[in-house]
Amino acid sequence: MAQFGKETSARGEFVRQPNRFTGRVTEPEAGRYRLVVSLACPWAHRAVIVRALLGLDEAISLAVVDPIRDERGWRFSLDTDGVDPVLGAQFLSEVYLATDENYEGRVTVPALVDTHTGTVVTNDYPRITLDFSTEWTSFHRPGAPDLYPEGRREEIDALIEPIFHHVNNGVYKCGFASAQSAYDLAYTSLFAELDRLSERLADQRYLMGDDLTEVDIRLFTTLVRFDAVYHGHFKCNRNKLAEMPVLWAYARDIFQTPGVADTVDFDHIKRHYYATHEQINPSRIVPAGPDPSGWWEPHGRS
Ligand SMILES: N[C@@H](CCC(=O)N[C@@H](CS)C(=O)NCC(=O)O)C(=O)O
């Protein structure tokens, strides 16, 4: 049986739902918007990293949901009395329903919420980080990196595309496949793409060359989860990240970039995947390993 019936094709492939809310913040205001994330979620993690690297922490507040979703969805149960102190909600679904009372899709993170209206501006995760880079410039910290440099956007977008299909979403297509052939296809294209990326990164520090950009962040959020959850839980097991020397050093380089390691929470990551997807792990037992200390080993890249 499929983990997400509505998002499974007749051939057993996982077909992700479209993002429902696609508003944009084009006149940023400090303190007005709240980014709701799960630290487990790779799509939300992008936004947490970009927010940290650009120094938007004070301008945009952060709400972190419980890593375990029950049948009522994402909960604010890590907060005092289980209520988000700014949004006054117990469940993220309350905010989605305040935005669209007929909302029926999955209630997803990341979501950027307007605290003045209590409604979702956007859950369009690919746009959220790009807007942090391009629309929020007046709130960037001095010396913030340019993660989406104007002259290179086409190249970046062209690389984002295969990484999304084969890697970011590719691991989900492996994990949520409900037919052997759908899994086989996703597995083959995932590792073919990882091999291509390893080759590209063999003689350059980042995907675009010398500078860290948006596309590196997008690849990183999948790589950092690879051995902890995708290798076992999603059956992406040709090899571990730690057995792919170029990608492993590259991922450690990004992990050790000031501000990034603080955004990585292996406990939330493991508990979320293993304890939430009951169709693929009915016992909900969370594995004890792997040992994460290797993330701090010198990466040797420059
Ligand atoms: N908004 C996108 C991507 C974000 C996403 O999938 N987030 C996951 C967590 S990694 C989520 O919130 N899932 C909620 C659910 O499945 O009910 C989607 O709908 O597929």
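The residue numbers shown here count from 1 along each chain, following its written sequence. Residues qualify for local features only when their pLDDT is at least 70, as the model is predicted, and side-chain atom pairs are given and counted only at 80 or more; totals for whole chains, interfaces and linings, by contrast, use all residues.

As annotated in an unreviewed UniProt entry, the chain carries the name Glutathione S-transferase family protein and is attributed to Actinokineospora guangxiensis.

**Section: the packing of helix α6 (residues 180-201) against helix α8 (residues 245-255)**
The geometry of α6 relative to α8 is characterised by a closest axis approach of 8 Å and an angle of 70 degrees between their N-to-C directions. Classified by the interaxial angle, the pair formed by α6 and α8 is roughly perpendicular. The crossing of α6 and α8 is left-handed. Taking contact as the criterion, the partners of L194, L197, S198 and L201 in α6 are, on α8, V246, L247 and Y250. Its residues assigned to classes, the contact of α6 with α8 shows 6 nonpolar, 1 polar and no charged. To obtain an axis, a line is fitted to C-alpha atoms, over the contacting stretch when the element is a helix, and the angle between two such axes runs from 0 to 180 degrees between their N-to-C directions. Helix numbering and strand numbering both begin at the N terminus, where a helix is a DSSP run of H or I of at least 4 residues and a strand a DSSP run of E of at least 2. Oblique is the label for any angle not covered by the other classes, which are roughly parallel (under 35 degrees), roughly antiparallel (over 145) and roughly perpendicular (65 to 115). By definition, any crossing whose near helix is turned counterclockwise from its far helix by less than a right angle is left-handed, and any crossing with a clockwise turn is right-handed. Once C-beta atoms have been placed from the backbone, residue pairs whose C-beta atoms lie within 7 Å are recorded as contacts. Note that Gly is not counted as nonpolar here; it falls among the polar residues with everything else outside the nonpolar set of Ala, Val, Leu, Ile, Met, Phe, Trp, Tyr, Cys and Pro and the charged set of Asp, Glu, Lys and Arg.

**A closer look at the UniProt feature "domain: GST C-terminal" (unreviewed entry) in the chain**
UniProt positions are given in the numbering used here, feature names are shortened, and annotations may be inferred rather than shown by experiment. This chain's UniProt record puts "domain: GST C-terminal" (unreviewed entry) on residues 146-283. Summarising residues 146-283: 60% helix, 0% strand, and an end-to-end C-alpha distance of 44 Å.

**Details of the environment of P298**
Here P298 shows up in the segment after α9 (266-276). For the pair P298 and Q256, spaced 42 residues apart in the sequence, the C-alpha separation amounts to 9.0 Å.

**Let's talk about the pairing of strand β1 (residues 33-37)**
Residues with at least 20 other C-beta atoms within 10 Å of their own are called buried, those with 12 or fewer are called exposed, and the rest are partly exposed. The C-beta atoms themselves are positioned from the backbone. Of all 5 residues in β1, 5 are buried, a share of seventy percent or more. Burial along β1 is two-sided: the face carrying Y33, L35 and V37 and the face carrying R34 and V36 are both buried. Pairing between strands is defined by DSSP: at least two bridges between them are needed. In terms of strand pairing, β1 meets strand β3 (residues 111-114) through 4 bridges, oriented antiparallel. Residue R34 lies in a different strand from β3, and its bridge partner there is V113. As defined by bridge partners, β1 adjoins strand β2 (residues 61-64) across 4 bridges and the pair is classed as parallel. Bridged to R34 within β2 is S61. Here a crossover is taken to be right-handed if, once the strands point away from the viewer, the path from the first strand over the helix to the second is traced clockwise. Regarding topology, helix α1 (residues 42-54) serves as the crossover connection from β1 to the parallel β2, and that connection is right-handed.

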